[in-house]
Amino acid sequence: MVLSHAASTGSSDDSVHSTFASRYVRASLPRYRMPDNSIPKEAAYQIINDELMLDGNPRLNLASFVTTWMEPECNKLMMDSINKNYVDMDEYPVTTELQNRCVNMIAHLFNAPLGETETAVGVGTVGSSEAIMLAGLAFKRRWQNKMRAAGKPCDKPNIVTGANVQVCWEKFARYFEVELKEVKLTEGYYVMDPQKAVDMVDENTICVAAILGSTLNGEFEDVKTLNDLLVKKNEETGWDTPIHVDAASGGFIAPFLYPELEWDFRLPLVKSINVSGHKYGLVYAGVGWAIWRSKEDLPEELIFHINYLGADQPTFTLNFSKGSSQVIAQYYQLIRLGFEGYKNIMDNCQENAMVLKEGLERTGRFNIVSKDNGVPLVAFSLKDSSRHNEFEISEYLRRFGWIVPAYTMPPDAQHITVLRVVIREDFSRTFAERLVIDIEKVLHELDALPSRVAPSLLPNGDATAPNDKDMERQREVITLWRRAVAEKKKTSGVC
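Rules and cut-offs
- Residues numbered from 1 in each chain as written.
- Predicted model: local features only at pLDDT ≥ 70, side-chain atom pairs only at ≥ 80, totals over all residues.
- Heavy atoms only, no water.
- Helix = DSSP H or I, 4+ residues; strand = E, 2+ residues; numbered from the N terminus.
- Buried < 20%, exposed > 50% of the residue type's maximum accessible area, 1.4 Å probe, protein only.
- Contact = heavy atoms within 4.5 Å.
- Areas by Shrake-Rupley, 256 points an atom, 1.4 Å probe, with all protein chains shown as cover.
- Pairing = 2+ DSSP bridges.
- Axes fitted to C-alpha atoms, helices over the stretch in contact; angles between N-to-C directions.
- Lys, Arg positive; Asp, Glu negative; His and termini not counted.
- Salt bridge = Lys/Arg side-chain N within 4 Å of Asp/Glu carboxyl O.
- Polar contact = N/O pair within 3.5 Å; in protein donor to acceptor, adjacent residues only side chain to side chain.
- Phe/Tyr/Trp six-rings, centres within 6.5 Å; stacked < 30°, edge-to-face > 60°.
- Parallel < 35°, antiparallel > 145°, perpendicular 65-115°, else oblique.
- Left-handed = near helix turned anticlockwise from the far one by under 90°.
- Nonpolar A, V, L, I, M, F, W, Y, C, P; charged D, E, K, R; others polar.
- Core = buried A, V, L, I, M, F, W, Y, C linked by side-chain atoms within 4.5 Å.

A count of helical and extended segments in the protein chain gives twelve helices and 13 strands. Here the protein chain holds 495 residues, and 47% of them are scored as buried. Intrachain contacts of the protein chain at a sequence separation of at least 6 include 70% that bridge at least 24 residues. Here the protein chain has roughly 25,600 Å² of accessible surface; of this, 53% comes from carbon and sulfur atoms.

In structure tokens:
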């Protein structure tokens, strides 16, 4: 009789092929200190990948303007170049050339006054936030140089914007010591009023910032009217206050959907424009662009020259090392899609936004706050929020996988609360129809729940007739809800 003996593996389970049969799933992942010992690569991947499953689905994140889908061929290009440092221009000259091509193409798209073969002035950034910082610094330095040359003080610069600007403008003002003068909003008018903005301009104003595509409701500000009013004021005062256009969201929309709209370098006072490549430029997060009208608008003293990477290299950025993948991906999209492809995608986005808007209107429960012309998004608020509010709708929609933000408007329209759905390239008509169905389900569920404000607290027990006290109570509830959401974001590491 032949006896068989099983080989002993000892106490180690490194030979076990299944991670779930190993000891690595029996211990919590390190949170504060690096572990003492290594683990197999398969186990590390499986454990981290499993935890990431608890994140929201990027495709269903309707809060974000940022691209969440690209073609497999572009994904491969990005992975092939992920180990290239964008700043090593001498080592990666082709990557540098692709960045320059992107700058030229975008500058021509924005109607920069360039010859057919003339090189544009611009730079790739990690997003519009960095691009805005760079543009703001250029405006501040030009203003300082002008004031010094005139023998005037240059210690109190200011910038005029609407209260609807993205937080990066507040960061610029605080970090670089520039007073931020905000034009307050009003109910029904949620963008900067050009006349009020020009009225705020004084000799210390380094520029007026106009938004092409408000984060709040997607609306384009009237840059043409702002330019005309500012030209007149400059002529009357002898100043030369310029305009910067924050086209983070709208820069890759307006040229294709609204080619006749004058908002860019066709207007003489527009000296610089920023745009996010990772929004409607259709690239994954991590690329933006700052474009200047001419070399004169970017002070030479802000440009650094380095030679320790192999050759003289001019650089104007806030950070140094960064990946090349997003720049390469931007070039891919520009030549892959061309004007025709971008226009088709933007047309689709706009049509799907209309499908969603019409579906919401058919419920009879919402006021539409966004405009038909602008960034393809739908911002809407409840007609009657005496029983339940927009924050509750946002929370309940998460059960269906949808991430739809609810927020209050900036001053002086902070009593208005809205929900917002951003329509990106990968948001199809089927998605739009499905979202309307799920919103209707949420409304039915909320209707069956007790009111947030008890009828006994309302006059004559009438739950449909809120008075001033009820409105104040509602605002308090909204404030508390916002704080709770903010605290949740802090603890979850969301920024």
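Still more to cover.
The antiparallel open sheet is built from four strands, whose spatial order is β10-β11-β13-β12. Among the strands making up the open sheet, the edge pair consists of β10 (366–368) and β12 (406–408). If you compare each strand with its neighbour and ignore which way they point, the axes differ by 40° on average. Those strands touched by helix α9 (residues 325–363) are β10, β11 (377–382) and β13 (417–422), and its axis lies near 15° from that of β11. Strand contacts of helix α10 (residues 390–397): β10, β11, β12 and β13, with the helix running at about 35° to β13, the strand carrying the most contacts.

Mapped onto the fold, D297 is located in the loop between β7 (288–292) and β8 (304–306). Although buried, D297 forms no salt bridge, and the nearest oppositely charged side chain, R142, lies 4.2 Å from it. With residues up to four places along the chain from it excluded, the contact list for D297 reads A138, R142, K271 and W292.

Counting through the fold element by element, D426 comes out in the loop between β13 and α11 (429–447). In this structure the side chain of D426 is engaged in a polar contact, spanning 2.7 Å, whose partner is the side chain of R59. Polar contacts involving the side chain of D426 include one to the side chain of T68, which spans 2.6 Å. Every residue in contact with D426, bar those within four places of it in the chain, is listed here: R59, T68, W69 and F431.

The relative placement of two aromatic rings is captured by the distance of their centres and the angle of their planes. Here the structure, examined in full by the defined rule, presents eleven aromatic pairs. Plain terms: the ring middles of W292 and F316 are 5.8 Å apart, the flat faces sit at 45° to each other, and that makes the pair tilted. Highlighted residues: W292 in strand β7 and F316 in the loop between β9 (313–315) and α9, separated in sequence by 24 residues. Comparing W292 with F316 shows no difference in burial state: the two are buried.

This paragraph deals with the packing of α9 against α11. Viewed as axis vectors pointing N to C, α9 and α11 meet at an angle of 20°, and their least axial separation amounts to 9 Å. With respect to their mutual orientation, α9 and α11 come out roughly parallel. In this structure, α9 crosses over α11, and the sense of that crossing is right-handed. In this structure, α9 contributes N352, V355, L356, G359, L360 and T363 to the contact, and α11 contributes R429, A432, E433, L435, V436, I439 and E440. Partitioned by chemical class, the residues of the contact of α9 with α11 number seven nonpolar, three polar and three charged.

Once that is clear, we can look at the sheet that holds strand β3 (residues 179–183). Pairing between the strands of a sheet is mediated by backbone hydrogen bonds and can be parallel or antiparallel. Spatial strand order, β1-β7-β6-β5-β4-β2-β3: seven strands in an open sheet with mixed pairing. Single-partner strands in this sheet number two, and they are β1 (121–125) and β3. Averaged over all adjacent pairs, the angle separating strand axes in this sheet is 20°, with direction ignored.

With that settled, the discussion passes to the pattern of salt bridges. Enumeration over the complete set of coordinates arrives at 18 salt bridges. Across the pair E71 and R336 runs a salt bridge whose closest N-O atoms are separated by 2.8 Å. With a gap of 265 residues between them, E71 in the loop between α1 (41–52) and α2 (72–80) and R336 in helix α9 connect regions that are remote in the sequence. Residue E71 is classed as buried on the basis of its relative accessible area of 17%.

In this section: the nonpolar core. Formed by 101 residues in total, the largest nonpolar core has its most connected members in V245, F252, W263, M346, L356, I393 and L435. Per-element accounting of this core gives the leading share, 15 residues, to α9. In contact with L356, not counting residues within four places along its chain, are V378, V421, I423, A432, L435 and V436. I132, F139, M147 and W169 belong to the second largest nonpolar core, which has 16 residues in total.

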